[in-house]
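# Report on the structure
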Amino acid sequence: MSHLKLQLDDETYQRLNTMFKGDEKAIHDFVVKTLTDKLANNSVDETKENADIKPSDLEDYLKSGKSGSRSYGIKGQGW
């Protein structure tokens with residue numbers, strides 16, 4: 001297991017301290033769960049975003065540039 005030391009602003013620390021009545025284990029568990037959930041949600045969101053892109057969308061986008069112009073190269077792939 002890896003460790004990460006975080007510095008919190010005073011307001012955030014006080015809110016956590018009040019919320020969990022000074023129980024550092026409870027604060028630790030809350031922070032770990034919150035980060036884990038957030039990262040899991042981001043991973044799902046990224047997968048959904050990538051799944052929404054169809055190969056034809058990319059082809060249409062690239063074809064919309066004028067052939068032989070620099071704008072095609074900027075949009076595009078592999079200069």
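Our structure's up above, just so we're on the same page.
Procedures and definitions
Residues numbered from 1 in each chain as written. Predicted model: local features only at pLDDT ≥ 70, side-chain atom pairs only at ≥ 80, totals over all residues. Heavy atoms only, no water. Helix = DSSP H or I, 4+ residues; strand = E, 2+ residues; numbered from the N terminus. Buried < 20%, exposed > 50% of the residue type's maximum accessible area, 1.4 Å probe, protein only. Areas by Shrake-Rupley, 256 points an atom, 1.4 Å probe, with all protein chains shown as cover. Salt bridge = Lys/Arg side-chain N within 4 Å of Asp/Glu carboxyl O. Contact = heavy atoms within 4.5 Å. Phe/Tyr/Trp six-rings, centres within 6.5 Å; stacked < 30°, edge-to-face > 60°. Patch = residues over 30% accessible without salt bridge, like charges linked within 9 Å, V, L, I, M, F, W, Y side chains within 5 Å.

A word on the overall build of the protein chain. What the protein chain contains, in helices and strands, is 4 helices and 0 strands. Listed N to C, the secondary structure of the protein chain is α-α-α-α in terms of helices and strands. In the protein chain, buried positions account for 8% of the 79 residues. As displayed, the protein chain offers around 7,600 Å² of accessible surface, 55% of which is attributable to carbon and sulfur atoms.

With that out of the way, let us pick up the pattern of salt bridges. All chains considered together, the criterion is met by 2 salt bridges. The closest approach of N and O atoms between Lys 25 and Asp 29, which form a salt bridge, is 3.2 Å. Residue Lys 25 and its partner Asp 29 are both found in helix H2 (residues 24-52); the two are separated by 4 residues, about one turn of the helix. Judged by its relative accessible area of 36%, Asp 29 falls in the partly exposed class.

Another point: the environment of Phe 30. You can see Phe 30 is positioned in helix H2. The spatial distance from the C-alpha of Phe 30 to the C-alpha of Leu 16 is 9.2 Å, given a sequence separation of 14 residues. Non-local contacts of Phe 30, meaning those with residues more than four positions away in its chain, are made with Leu 16, Met 19 and Phe 20.

A few words now on the packing of aromatic side chains. Enumeration according to the criterion identifies 1 aromatic pair in this entry. Taking the centre distance of 5.2 Å and the plane angle of 50 degrees together, the rings of Phe 20 and Phe 30 count as tilted. Linking Phe 20 in the loop between helix H1 (10-19) and H2 with Phe 30 in helix H2, this pair joins segments that are 10 residues apart in sequence.

The next point concerns a nonpolar patch on the surface. There is a patch of nonpolar side chains on the surface, built from Leu 4, Leu 6, Leu 8, Tyr 13 and Leu 35 and spanning about 510 Å² of accessible area. Accessibility expressed as a relative area gives 42% for Leu 8, which makes it partly exposed.

By themselves these figures say nothing about function.
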